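Each chain is listed here by its residues.
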Amino acid sequence: MYQLENVNKTYERRGQTVTALADSTLSLAEGEFVALVGPSGSGKTTLLSMLGGMLAPTSGRILLDGASLYDLSVQDRTRLRLDRIGFVFQSFNLIPWLSAVENVQVPLSLAGKPATEQRERATELLDRVGLSDRLEHRPSELSQGQQQRVALARTLANNPKIILADEPTGNLDPASRETAMDYLSGFHAEGRTIVMVTHDEFATGYAKRTLRLVNGVVSDEAEAARAA
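Scope of this entry: the structure provided in the associated data block. From a predicted model like this one, the values you see are computed outputs, not experimental measurements.

**Notes on the packing of helix α5 (residues 144-155) against helix α6 (residues 174-189)**
The packing of two helices is summarised by the inter-axis angle and the distance between the axes.
Move 1: One way to put it is that α5 packs onto α6 with a least axis distance of 9 Å and a crossing angle of 15°. With respect to α6, the axis of α5 lies roughly parallel. For the pair α5 and α6, the sense of crossing is right-handed. Packed against α5, whose contacting residues are G145, Q148, R149 and L152, the element α6 presents S176, T179, A180, Y183, L184 and F187 at the interface.
Move 2: Class assignment of the residues belonging to the contact of α5 with α6 gives a composition of five nonpolar, four polar and one charged.

**Describing the pairing of strand β2 (residues 16-28)**
Move 1: Alignment of strand β1 (residues 2-13) against β2, held across nine bridges, turns out to be antiparallel. Opposite R13, over in β2, you have Q16 as the bridge partner.
Move 2: Here β1 hands over to β2 after two residues, with R14 in that stretch at a positive phi of 55°.

**Quick look at the nonpolar core**
Move 1: L126, V150 and M196 are the most contacted members of the largest nonpolar core, which has 35 residues in total.
Move 2: Contributions of two or more residues to this core are made by β3 (33-37), α3 (100-110), α4 (115-128), α5, β7 (162-166), α6 and β8 (193-197).
Move 3: Once residues lying within four places of it in the same chain are set aside, the contact partners of M196 are F33, V34, A35, L36, A165, P168, M181, A203 and T204.
Move 4: L4, M50, I162 and V218 belong to the second largest nonpolar core, which has 27 residues in total.

**Focus: the pattern of salt bridges**
Move 1: In total, this model carries 11 salt bridges according to the counting rule given.
Move 2: Of the charged contacts in the structure, one is a salt bridge between D83 and R79, with a shortest N-O distance of 3.3 Å. Placement of the pair is D83 and R79 together in helix α2 (residues 74-84), with a separation of four residues, close to one helical turn.
Move 3: A salt bridge links R128 to E190; the nearest nitrogen and oxygen atoms lie 2.5 Å apart. In this pair, R128 sits in helix α4 while E190 sits in the loop between α6 and β8, placing the two residues 62 residues apart along the sequence.
Move 4: Classification of R128 by relative accessible area gives partly exposed; the value is 35%.
Move 5: Looking at E190, the relative accessible area reads 41%, which means it is partly exposed.

**Notes on unusual backbone geometry**
Move 1: Positive phi outside glycine occurs at D65, with the angle close to 50°.
Move 2: Within the fold, D65 resides in the loop between β4 (59-64) and β5 (67-68).
Move 3: Phi angles above zero are rare outside glycine, and E167 is one such case at about 50°.
Move 4: Relative to the assigned elements, E167 resides in the loop between β7 and α6.

**A look at the sheet that holds β3**
Move 1: Spatially, six strands are ordered β6-β7-β8-β3-β9-β10 in an open sheet, and the strand pairing comes out mixed. Strands with a single pairing partner mark the edges of an open sheet, and in this sheet they are β6 (85-89) and β10 (217-220). Each strand axis lies, on average, 20° off the axis of its neighbour in the sheet, ignoring direction.
Move 2: As defined by bridge partners, β3 adjoins β8 across four bridges and the pair is classed as parallel.

**A few points about helix α1 (residues 44-51)**
Move 1: Where burial is concerned, most of α1 is hidden: seven out of the eight residues are buried.
Move 2: Among all positions in α1, only K44, T46, L47, L48, S49, M50 and L51 are buried.
Move 3: Just beyond α1, the residue with positive phi is G53, at close to 75°.

About the cut-offs
- Residues numbered from 1 in each chain as written.
- Predicted model: local features only at pLDDT ≥ 70, side-chain atom pairs only at ≥ 80, totals over all residues.
- Heavy atoms only, no water.
- Axes fitted to C-alpha atoms, helices over the stretch in contact; angles between N-to-C directions.
- Helix = DSSP H or I, 4+ residues; strand = E, 2+ residues; numbered from the N terminus.
- Parallel < 35°, antiparallel > 145°, perpendicular 65-115°, else oblique.
- Left-handed = near helix turned anticlockwise from the far one by under 90°.
- Contact = heavy atoms within 4.5 Å.
- Nonpolar A, V, L, I, M, F, W, Y, C, P; charged D, E, K, R; others polar.
- Pairing = 2+ DSSP bridges.
- Core = buried A, V, L, I, M, F, W, Y, C linked by side-chain atoms within 4.5 Å.
- Buried < 20%, exposed > 50% of the residue type's maximum accessible area, 1.4 Å probe, protein only.
- Salt bridge = Lys/Arg side-chain N within 4 Å of Asp/Glu carboxyl O.

So, in structure tokens, the structure goes:
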């Protein structure tokens, strides 16, 4: 599904070059559940943003199903994200003045779906995550665990084949993080590809493959263990 070919990402900060990703070649197969781990500042979120078509590499290519992401126009990448990629964030990124059902409707509205279809789909998804009695609640009226479930429902709105999750359990209590990970595991069981940045060993345990990113270098933990 994803192929990284000699990908580098560097930044200029205060006159110095910072390397977020160094000459990385990597394959991610369709249907994988991958945890991306490593110390803070190691480039994990940068890599996730590049996979999501939001941050171009400095050099090298990132291919999705054989197409070079950053040879596409901005409009085509935007459409690809809307149609094929769902995002989950540590901070939930809900719109505070919209209700739960309206938040889930946002990607459906951007996709041009009729209002009735938006409402039906959003209601169905909130029911799936156990929030059918919270449709009209705004984020401030929900617990953090409930807010994350709204965000998970929104992620599924356009039925993406890929889910990119950035610290999905970072702001959750133990019971809520287990619930969130059970939902992500269920999404994976339906055939979706999941790439998850996490510091949480509990969340990592749900993944089928673990990649470690340190000083801009990506390594596969299973391959490293076999080599040792």
